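Now for the letters of each chain:
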Amino acid sequence: MATKHEQILKYIEELAVGEKISVRKIAKNLHVSEGTAYRAIKDAEIVGFVSTIKRVGTIRIERKQKDSIEKLTYAEIVNMIDGQVLGGRAGLHKSLNKFVIGAMTVEAMERYTDAGNLVIVGNRVGAQELALERGAAVLITGGFDTVDSVKKLADEKELPILSTTYDTFTVATMINRAIFDQLIKKEVVFVEDILTPLEKTAYLSTSDRVEDWYKKETSTGHSRFPVVNKAMRLSGMITSKDVIDKNLSISIERAMTKNPLTVGPKMSVASVSHMMIWEGIEVIPVVKDDLTLIGIVSRQDILKSLQMIQRQPQIGETIDDTITNQLIEKTTDDASELDFQFTVTPQMTNSIGTLSYGVFTQIVCDVVQQKLFSLKKRNVAIENISIYFLKPVQMDATIVIKPRILEIGRKAGKIDIELYLEGILVGKAIVACQMMER
């Protein structure tokens, strides 16, 4: 039976998009305490189908899918710019596909304004009316209001007309930054994106016996299974090692490994891959907060997803991406060696104008990744770094990075990294890492 919390979440999800939500209303309709209703609303906001807007309230919005995460809703724009909703509140849940700066004549705007746009204008009533007529929302900069006829038109079209005290340049920069951040998030793969769901997961019950493990192994071809109790909550994991020399009539509960490692659906695949490497495990159960089993993630799932990430075009650029893009492979006299060049840009320096320690560390990590990649070693997990800062490196300086393999095996390796500026050693690092292979 679903808990009160789950019932409230289901109730909110079934509300019409754009409908207002209040703690008191939910508490009254579902006969729960206001505290329980408040916690459920906050969870719904985290999940992404509720948004709270200043001077408007909490409303049901469209839940973003992974493939459309780069689109922002007008409700999010209001929060971002600390704006005011002048009209068209019913359309706050809608998504915009691009924004247009209306710094042109009304006639010229017709060519650039389409449905689903957000037109950024000043106090030009004609431009505001044109945008709404063409299916676009309006953002008025400079803190200006608008006439009642425009507000009425916005209500009729269910298209928001917003106002902010910021200037056009600042607003455009803020929206562009938000879209950029969303694109970066789009590239992050989570466990929920790759897990084997419960209906396709082979599992055993605490009431089963060892002989049931053998039957399950024969029917599935696998040897590792999560073990659940009657409430479908995870109790343990059982593998071939656990059943060796065990009597077939012994219960699974007595043979299984209790308190196994688990992950949640919102955990990143990169984090899970590190857990698998360091713990040397093949399968991890995926559970809810109350340990209810919702699926499993295998080493094969992780490898496939990591390879998919490597093939994805980099749409949103993080600081790490910026640093990586500055690394240039440098040919050496010895064809078997691989050196790198790196130019220190102003944004990579600290407050006194020398190379930031954080950037220094990231350079070392990137060089290790690329060096091992050249040796056909992929999916590297850096375990330990010892760094020595010998001399400061000024901005605009070009340094040469020389990686050297100290030892390398099938699953682990150690690499020595030296950084030179004009032939002088300025930094050194020793990196220990592990690798996930098929």
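Structure: see above.
Conventions adopted
Residues numbered from 1 in each chain as written. Predicted model: local features only at pLDDT ≥ 70, side-chain atom pairs only at ≥ 80, totals over all residues. Heavy atoms only, no water. Helix = DSSP H or I, 4+ residues; strand = E, 2+ residues; numbered from the N terminus. Buried < 20%, exposed > 50% of the residue type's maximum accessible area, 1.4 Å probe, protein only. Areas by Shrake-Rupley, 256 points an atom, 1.4 Å probe, with all protein chains shown as cover. Contact = heavy atoms within 4.5 Å. Pairing = 2+ DSSP bridges. Axes fitted to C-alpha atoms, helices over the stretch in contact; angles between N-to-C directions. Parallel < 35°, antiparallel > 145°, perpendicular 65-115°, else oblique. Nonpolar A, V, L, I, M, F, W, Y, C, P; charged D, E, K, R; others polar. Salt bridge = Lys/Arg side-chain N within 4 Å of Asp/Glu carboxyl O. Core = buried A, V, L, I, M, F, W, Y, C linked by side-chain atoms within 4.5 Å. Phe/Tyr/Trp six-rings, centres within 6.5 Å; stacked < 30°, edge-to-face > 60°.

Participant: Looking at this structure, I do not really get the overall build of the chain. What am I missing?
Facilitator: For the chain, the helix and strand inventory stands at 16 helices and 23 strands. Residues counted as buried form 42% of the 438 residues belonging to the chain. Working note: accessible area of the chain is about 23,500 Å², and carbon and sulfur atoms make up 51% of it.

Participant: Whenever I open this one, the environment of Ala-412 confuses me. Can you help?
Facilitator: Residue placement: Ala-412 occurs in strand 22 (residues 412-421). If near-sequence neighbours (up to four positions away) are discounted, Ala-412 is found in contact with Cys-433, Gln-434 and Met-435.

Participant: Which parts of the structure should I look at to understand the sheet that holds strand 9 (residues 137-140)?
Facilitator: Strand pairing in a sheet relies on backbone hydrogen bonds, with the paired strands running either antiparallel or parallel. Strand order in the open sheet formed by five strands is 5-10-9-8-7, with mixed pairing between adjacent strands. What marks the edges here is a single partner per strand, and that holds for strand 5 (84-87) and strand 7 (98-101). Each neighbouring strand pair of the sheet contributes to a mean axis angle of 25°, computed without reference to strand direction. Two strands pair when backbone bridges link them, and strand 7 and strand 8 (residues 117-121) are joined in this way by four bridges, in the parallel orientation. Bridging across to strand 8, Ile-101 finds its partner in Ile-120. Packing against the sheet, helix 6 (residues 125-133) makes contact with strand 8, strand 9 and strand 10 (161-163), and its axis sits at approximately 155° to strand 9.

Participant: Would you take a moment to explain the pairing of strand 21 (residues 398-408) for this structure?
Facilitator: Regular strands show a simple pattern: their side chains alternate between the two faces of the sheet. Relative to strand 21, strand 19 (residues 339-343) runs antiparallel, the two being bridged by four bridges. Paired with Phe-342 across the bridge in strand 21 is Ile-399. Two elements, strand 21 and strand 22, share eight bridges in a ladder whose sense is antiparallel. If you follow Ile-408 over to strand 22, its bridge partner there is Gly-413. Where strand 21 folds back onto strand 22 in an antiparallel hairpin, the turn is made up of three residues.

Participant: Sorry, what's going on with the sheet that holds strand 22 here?
Facilitator: Here six strands make up an open sheet; going across it, the order is 18-19-21-22-23-20 and the pairing antiparallel. Since the sheet does not close on itself, it has two edges, and those belong to strand 18 (328-330) and strand 20 (380-389), each with one partner. When the angles between neighbouring strand axes are averaged without regard to direction, this sheet yields 30°. Its contacts with the sheet place helix 13 (residues 269-279) against strand 20 and strand 23 (424-435), and it is angled at close to 90° to strand 20.

Participant: Honestly, the packing of helix 6 against helix 7 (residues 148-157) in this entry has me stumped. Any pointers?
Facilitator: Running from N to C, helix 6 and helix 7 point in directions that differ by 10°, and their axes come no closer than 10 Å. With respect to helix 7, the axis of helix 6 lies roughly parallel. Here Val-125, Gln-128, Glu-129, Leu-132 and Glu-133 of helix 6 come into contact with helix 7, specifically with Ser-149, Val-150, Leu-153, Ala-154 and Lys-157. Partitioning the contact of helix 6 with helix 7 into residue classes produces five nonpolar, two polar and three charged.

Participant: Mind showing me how you'd approach the pattern of salt bridges here?
Facilitator: As a working rule, side chains carrying opposite charge can pair if their charged atoms are close by. Enumeration according to the criterion identifies eleven salt bridges in this entry. When the shortest N-O distance is used, the salt bridge between Lys-157 and Glu-133 registers 3.6 Å. Separated by 24 residues along the polypeptide, Lys-157 in helix 7 and Glu-133 in helix 6 bring together distant segments of the chain. Its relative accessible area of 35% is what places Lys-157 among the partly exposed residues. In this structure, Asp-290 engages Arg-233 in a salt bridge whose closest nitrogen and oxygen atoms are separated by 3.2 Å.

Participant: Just to check I follow, could you spell out the nonpolar core for this structure?
Facilitator: One recurring pattern in soluble globular proteins is that nonpolar side chains are buried together. Among the nonpolar cores identified, the biggest contains 31 residues, and Phe-342, Ile-363, Ile-399, Ile-401 and Ile-417 are the most heavily contacted of them. For this core, the elements supplying multiple residues, two or more each, are strand 19, helix 16 (357-374), strand 20, strand 21, strand 22 and strand 23. Ranked by the residues each element gives to this core, the list is headed by helix 16, at eight residues. Residues within four places of Ile-399 in sequence aside, it is in contact with Phe-340, Gln-341, Phe-342, Ile-363, Val-393, Leu-419, Tyr-420 and Leu-421. Judged by nonpolar contacts, the second largest core, of 19 residues, contains Ile-61, Leu-72, Leu-92 and Val-171.

Participant: I would appreciate a short explanation of the packing of aromatic side chains in the present structure.
Facilitator: A full pass over the atoms with the stated rule returns three aromatic pairs. An angle of 90° between the planes, with centres 4.9 Å apart, marks the rings of Trp-213 and Tyr-214 as edge-to-face. Residue Trp-213 is classed as buried on the basis of its relative accessible area, which comes to 2%. With relative accessibility at 33%, the residue Tyr-214 sits in the partly exposed group. Between Tyr-357 and Phe-389 the ring centres are 4.5 Å apart and the planes differ by 40°, which places this aromatic pair in the tilted class. Residue Tyr-357 is located in helix 16, and its partner Phe-389 is located in strand 20; the two are separated by 32 residues in the primary sequence. Residue classification places Tyr-357 among the exposed positions, given a relative accessible area of 55%. By relative accessible area, which is 39% here, Phe-389 ends up partly exposed. Through a chain of ring-to-ring contacts, the aromatic side chains of Tyr-357, Phe-360 and Phe-389 assemble into a single cluster.

Bear in mind that shape data such as this cannot, by itself, settle questions of function.
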